[in-house]
2 protein chains.
Amino acid sequence: MEKAKKIREGDVRTASRLIRNIEDNIPEARSTIKDLFHDTGKAHVVGITGSPGAGKSTLVDGIIDWCRRKGKTVGVLAVDPTSPFSGGAILGDRIRMQRHADDPGVFVRSLATRGFLGGLSKAVGDAIHILDAMGKEVILVETVGAGQQEVEIINHAHTVVVVLVPGMGDEIQVIKAGIMEIADIFVINKSDREGTRKLQREILSMLEMSPSSAGGWKPSILTVGNAFDRAVFEAGIEVLSTKIEAHYQHLVCNDRMEDRIRRKAMHELSEALRACILEPILNGLVTAGDLNWMIGKVIRKEADPYTLAEEVAGRCLQKGAALK
Amino acid sequence: MEKAKKIREGDVRTASRLIRNIEDNIPEARSTIKDLFHDTGKAHVVGITGSPGAGKSTLVDGIIDWCRRKGKTVGVLAVDPTSPFSGGAILGDRIRMQRHADDPGVFVRSLATRGFLGGLSKAVGDAIHILDAMGKEVILVETVGAGQQEVEIINHAHTVVVVLVPGMGDEIQVIKAGIMEIADIFVINKSDREGTRKLQREILSMLEMSPSSAGGWKPSILTVGNAFDRAVFEAGIEVLSTKIEAHYQHLVCNDRMEDRIRRKAMHELSEALRACILEPILNGLVTAGDLNWMIGKVIRKEADPYTLAEEVAGRCLQKGAALK
């Protein structure tokens, strides 16, 4: 309770330590998240996603400035790709923090997880709750990557911004499968480059092909110029930030918020079930030496993984109708 | 058993149908995978990964040709980014298959999954088993994406090829965290472009900074020219394919294969545990209407997801030492 109280009061150290504990999957972290849960759900969570090199961080920086000028507090979560071995984010908090280090209205953290069972998505959800409970009004979640991981942001964010850059060739063709349906706003970044018009046309024609969203929001396609040309860049950020705000208003005014909140709740529940059911079983198998024994069986082709897992399920699960 | 027999005999229809069933998470598929398990583990599994637009498919195509000239049979699994809503891969099998449609020594399938609980990695593992049991000697697994998903390939492949293209700016900076440690071979594709030298230097200097692998394999950095210049491209493919083969020999001759097989077994077990324990519990909650009730509680902030999940765990799990 003490920790939760400190976080509600905006204590940066307590929040940072809790985020680290969540990254490291330390069990004690969970009780603080439980304590905080009631104080969450107030922030506007914005996902900023796109390919590596698309310039997401520069945009995030611009949006932070804009929010601060409007008097809004901002939390930023930079979800970094992770090494399964050494762990940790190369682009550390230090670099990102510098510019806003003296501003108590801005809290920036990077997030990375390693681990046998994944769990990045759970960590992202928990970290958002922390920034939310701290009272940050806008939470920007920057994720790198295409495919599954990128699409995952829909489980956490109210508004999804997809960042693209011109001249990446067949990229669109490759990423469109998942991304077209989750984007609320498209940003063509570094729009001084050749190929901006072409990219605009491509996105437009793909939007026309895809079934129109039931919510009545038409995804916008915005351009933001190169950050070296400060005036053009800031004009782009102004349009983008205003559009992000407009999307939030749209959700609220058209009763669309419930959908996003429901999806988030469903996702968090499934992640929590994994953490509370699968992880203790796995830890038990490791402690008892059973996991090693099972791995040996699989390696020697004496048993297949499914048969072994079914045996564990038979031992661990209560018999009951709800478990069929 | 009948289906397993047909797949061992190389029956394309049975194999294709089984892969579709795995994608759709149809329970019956599991028993065939069990029947096949003993016949797996013979193929050389090669992961080809990299950013969207890096030209992975063109390289895969070149490697297929090379393998066929050497008389090797090839299986290809194209893991496509997936939409959580409409599902399905945009770049379908049809396009990929055409060139090799008449060659019974080549089997190409794309793979996509949707679903509440993820499960793409389990599907990839199962599909590799199918191609393996069919007798494909080399299995190429093409994955799109950066971050977690890209790094995941290490759980399935003996040899990991990371494909990069020059001129993508700060890409390396962003992706290196996870990718540097899993790459056995780097390919700079479309190396006629400006920036190839710079990219080579960057990879080299990062390799020098990272701790040298215990296995004694020094990751190679190769270049492959633009596919439009056929002679240059094919020379590049020749070098790449030979290097892929050399890496396999290195694993075998230096007792490094055991590590990779162990990692794969461990990963498959954890995926199987999820499928056999978490999925039935979740299905039970859905059927009983409990999941909806729980989601409602979370939405109304009456309970946090962890407390609810702990209650489910208390109901579903047997008390026992192995379970903590």
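(A) View of the overall build of chain A. Within chain A one finds 13 helices and seven strands. Residues counted as buried form 50% of the 324 residues belonging to chain A. A separation of at least 24 residues holds for 75% of the contacts in chain A among residues at least 6 apart in sequence.

(B) Structural detail: the packing of helix 11 (residues 257-288) of chain A against helix 12 (residues 290-299) of chain B. Look at helix 11 of chain A against helix 12 of chain B: their axes get within 9 Å of each other, and the N-to-C directions meet at 115°. Relative to helix 12 of chain B, the element helix 11 of chain A is oriented roughly perpendicular. Classified by chirality, the crossing of helix 12 of chain B by helix 11 of chain A is right-handed. Between helix 11 of chain A, through Ile-261, Arg-262, Ala-265, Met-266, Glu-268 and Leu-269 of chain A, and helix 12 of chain B, the contact on the second element is made entirely by Met-294, Ile-295, Val-298 and Ile-299 of chain B. Of the residues that constitute the contact of helix 11 of chain A with helix 12 of chain B, the class distribution is eight nonpolar, no polar and two charged.

(C) Region of interest: the domain arrangement of chain A. Residues and elements named next belong to chain A. One can read the domain layout of chain A as domain 1 (2-254) and domain 2 (269-323). Contact with domain 1, which involves four residues of that partner, is made by five residues of domain 2. Looking at the side of domain 1 that touches domain 2, its residues break down into one nonpolar, two polar and one charged.

(D) Representation of the nonpolar core in the model. Judged by nonpolar contacts, the single largest core of 172 residues is most densely connected at Leu-77 and Val-141 of chain A together with Leu-77 and Val-141 of chain B. For this core, the element with the most residues is helix 11 (residues 257-288) of chain B, which contributes ten residues. Residues in contact with Leu-77 of chain A, not counting those within four places in the same chain, are Arg-109, Leu-111, Val-124, Ala-127, Ile-128, Leu-131, Ile-139 and Val-141 of chain A.

(E) How the structure looks around helix 11 of chain A. Residue and element names in this part refer to chain A. Between its terminal C-alpha atoms helix 11 stretches 46 Å, which fits the 46 Å expected from 32 residues at 1.5 Å a residue. For helix 11, the principal kink sits at Leu-278 and spans about 30°; a proline, Pro-280, occurs within the next four residues. One or two residues past the end of helix 11 sits Gly-289, with phi positive at roughly 80°.

(F) Quick look at the pairing of strand 3 (residues 106-111) of chain A. Residues and elements named next belong to chain A. In terms of burial, strand 3 is largely enclosed, as five of its six residues are buried. Pairing geometry for strand 2 (residues 74-79) and strand 3, over six bridges, is parallel. Its bridge partner being in strand 3, Ala-78 is matched across the sheet by Ser-110.

(G) Looking closely at the packing of helix 2 (residues 12-23) of chain A against helix 6 (residues 120-133) of chain A. Residues and elements named next belong to chain A. Contact geometry of helix 2 with helix 6 gives a least axis separation of 10 Å together with a crossing angle of 170°. Taken as axis vectors, helix 2 and helix 6 run roughly antiparallel relative to one another. When helix 2 is examined against helix 6, the residues Ala-15, Leu-18, Ile-19, Ile-22 and Glu-23 are found in contact with a partner set consisting of Ala-123, Asp-126, Ala-127 and Ile-130. Along the lines of polarity and charge, the residues of the contact of helix 2 with helix 6 split into seven nonpolar, no polar and two charged.

(H) Geometry of unusual backbone geometry. Even without being a glycine, Asp-255 of chain A presents a positive backbone phi close to 55°. As for its position among the elements, Asp-255 of chain A is in the loop between helix 10 (230-253) and helix 11. Of the residues examined, Asp-255 of chain A has 9 C-beta atoms within 10 Å and is grouped as exposed. A positive phi is found at Asn-25 of chain B, a non-glycine position, where the angle reads about 60°. Relative to the assigned elements, Asn-25 of chain B resides in the loop between helix 2 (12-23) and helix 3 (29-36). The exposure class of Asn-25 of chain B is partly exposed, given the 18 C-beta atoms found within 10 Å.

(I) Representation of the environment of Asp-102 of chain A in the model. Relative to the helices and strands, Asp-102 of chain A resides in the loop between helix 5 (93-97) and strand 3. Measuring from C-alpha to C-alpha, the distance between Asp-102 of chain A and Ala-112 of chain A comes to 24 Å, with ten residues separating the pair along the chain.

(J) Structural detail: the pairing of strand 1 (residues 44-50) of chain A. All names here are of chain A. Across the seven residues that make up strand 1, a large majority, seven, are buried. Burial along strand 1 is two-sided: the face carrying His-44, Val-46, Ile-48 and Gly-50 and the face carrying Val-45, Gly-47 and Thr-49 are both buried. Strand direction decides the pairing type here: strand 1 and strand 5 (residues 159-164), joined by five bridges, are parallel. What sits directly across from Gly-50, in strand 5, is Val-163.

(K) Local environment of the environment of Arg-262 of chain A. Within the secondary structure layout, Arg-262 of chain A lies in helix 11. Distance from Arg-262 of chain A to Asn-155 of chain A, taken between C-alpha atoms, is 9.3 Å for residues 107 residues apart in sequence. With residues near it in sequence (within four places) discarded, Arg-262 of chain A still touches Ile-295 and Ile-299 of chain B.

(L) Molecular detail of the confidence of the model for chain A. Residue and element names in this part refer to chain A. Here chain A averages 83 in pLDDT, and 82% of its residues register 70 or above. Put simply, helix 5 is where chain A has its lowest mean pLDDT, 51, and helix 10 is where it has its highest, 96. Contacts from residues 170-174, a stretch scored under 50 in pLDDT, to residues over four places away or in other chains number eight contacts.

(M) Region of interest: the environment of Tyr-306 of chain A. Take Tyr-306 of chain A: it is sitting in helix 13 (residues 305-316). In contact with Tyr-306 of chain A, other than residues within four places in its own chain, are Arg-30, Ile-33, Lys-34, Ala-272 and Cys-276 of chain B.

Cut-offs used in this document
Residues numbered from 1 in each chain as written. Chains lettered and ligands numbered in written order. Predicted model: local features only at pLDDT ≥ 70, side-chain atom pairs only at ≥ 80, totals over all residues. Helix = DSSP H or I, 4+ residues; strand = E, 2+ residues; numbered from the N terminus. Buried ≥ 20, exposed ≤ 12 C-beta atoms within 10 Å, placed from the backbone. Contact = placed C-beta atoms within 7 Å. Axes fitted to C-alpha atoms, helices over the stretch in contact; angles between N-to-C directions. Parallel < 35°, antiparallel > 145°, perpendicular 65-115°, else oblique. Left-handed = near helix turned anticlockwise from the far one by under 90°. Nonpolar A, V, L, I, M, F, W, Y, C, P; charged D, E, K, R; others polar. Domains from an automatic or database assignment. Core = buried A, V, L, I, M, F, W, Y, C linked by C-beta atoms within 7 Å. Expected span 1.5 Å × (residues − 1). Bend = angle between axes of the 7 residues up to and from the residue. Pairing = 2+ DSSP bridges. pLDDT = per-residue confidence, 0-100.

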